[in-house]
Amino acid sequence: MLDGNSLVEFLKEGGFSTLCHVNTTATALTFLRNGGLLSRQYVEEHPETCFQTIQKSDAKDKEFGIFNDIFFDVMNIWENSEVCFYGPVVFEYSVDVLMGMDNVCVTRTNPQNWDSDDFYSTIDEIADEISNTWPSSKHIVLRNQQKVDFEKISCVKFYHPCHDKDLSSIVEYNRPDIALKDIEKECEEKDIPCSISYLSDESWESILVMQIQLDVFTASE
């Protein structure tokens, strides 16, 4: 495990001030209605108040004991890649959310590609590999952290297709056009700033294909 305070210092020295958690609209609404980010295990264990769309990595996450963890990206994937298949909702936090934490780890590679768990042992090891740009494969993970409240949240960002796009291929509970008003309402009630960015036709078509292929936006029976 890494010391949260030391990692915050390292991040700020590198010019990184925020952390992002990206998810689907349906799962994002569960977070907002339950007062914070939740581990996938917590949501699974509380079906009476929580819902989440499945991810292809769920079985592997359970195998490697990270199903009860909460993941952050240092960079906003939407602003650093043309396609983000995790979902259209970004929860942006101050890096200070890690302050006082003693259960922090950083992955060397994306867990979807693991044959065995692959975390950095020290911050010095991270410093040897990371300078100005933080790779998307290196996630900050809070181990066995069932919930992260909204105390250190900066904003919620919603990435939406153009108004005239056909969204009928996405299941209704997860359609961005239907969920947008609910997400804005939940953010307003919790005094969380919420912004909307509209995607180009080309970006949305690429993302839609990725969504269908990866079964991220559509829950299977």
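Anything mentioned here points back to the structure above.
Now for a quick tour of the structure. Everything quoted here is computed from the prediction, not taken from an experiment.

## So, the sheet that holds strand S6 (residues 140-142)
Piece 1. Ordered by their spatial adjacency, three strands build an open sheet running S3-S6-S5, and the pairing between neighbours is antiparallel. The open sheet has two edge strands, strand S3 (70-72) and strand S5 (104-106), and neither has a second partner. Neighbouring strand axes in the sheet, compared pairwise and without regard to direction, differ in orientation by 25° on average.
Piece 2. The sheet contact formed by S5 and S6 spans three bridges and is antiparallel. Counterpart to cysteine 105 in the pairing with S6 is valine 141.

## Considering the pattern of salt bridges
Piece 1. Scanning the entire structure with this criterion turns up 15 salt bridges.
Piece 2. A salt bridge links arginine 33 to aspartate 182; its shortest N-O distance comes to 4.0 Å. Of the two residues, arginine 33 is situated in helix H2 (residues 25-33) and aspartate 182 in helix H7 (residues 176-189); the sequence distance between them amounts to 149 residues.
Piece 3. For aspartate 182, a relative accessible area of 31% corresponds to the partly exposed category.
Piece 4. Between arginine 143 and aspartate 69 there is a salt bridge, and its shortest N-O distance comes to 2.4 Å. Residue arginine 143 is located in the loop between S6 and strand S7 (147-149), and its partner aspartate 69 is located in the loop between helix H4 (58-63) and S3; the two are separated by 74 residues in the primary sequence.
Piece 5. With a relative accessible area of 4%, aspartate 69 lands in the buried category.
Piece 6. The network of salt bridges with shared partners includes Arg108, Asp118, Glu125, Glu129 and Lys138.

## Notes on unusual backbone geometry
Piece 1. Not every positive phi belongs to a glycine, and asparagine 144 is a case in point at roughly 45°.
Piece 2. Mapped onto the fold, asparagine 144 is located in the loop between S6 and S7.
Piece 3. Non-glycine residue aspartate 191 carries a positive phi angle of around 60°.

## Some remarks on the side chain of glutamate 186
Piece 1. Structurally, glutamate 186 can be placed in helix H7.
Piece 2. Looking at glutamate 186, the relative accessible area reads 8%, which means it is buried.
Piece 3. A distance of 3.4 Å separates a polar atom in the side chain of glutamate 186 from a polar atom in the side chain of arginine 33.
Piece 4. Among residues more than four places away in sequence, those in contact with glutamate 186 are Leu29, Leu32 and Arg33.

## Section: the environment of aspartate 177
Piece 1. Among the secondary structure elements, aspartate 177 is positioned in helix H7.
Piece 2. With 15 residues separating them along the chain, aspartate 177 and cysteine 162 place their C-alpha atoms 9.6 Å apart.

How each quantity is defined
- Residues numbered from 1 in each chain as written.
- Predicted model: local features only at pLDDT ≥ 70, side-chain atom pairs only at ≥ 80, totals over all residues.
- Heavy atoms only, no water.
- Pairing = 2+ DSSP bridges.
- Helix = DSSP H or I, 4+ residues; strand = E, 2+ residues; numbered from the N terminus.
- Axes fitted to C-alpha atoms, helices over the stretch in contact; angles between N-to-C directions.
- Salt bridge = Lys/Arg side-chain N within 4 Å of Asp/Glu carboxyl O.
- Buried < 20%, exposed > 50% of the residue type's maximum accessible area, 1.4 Å probe, protein only.
- Polar contact = N/O pair within 3.5 Å; in protein donor to acceptor, adjacent residues only side chain to side chain.
- Contact = heavy atoms within 4.5 Å.

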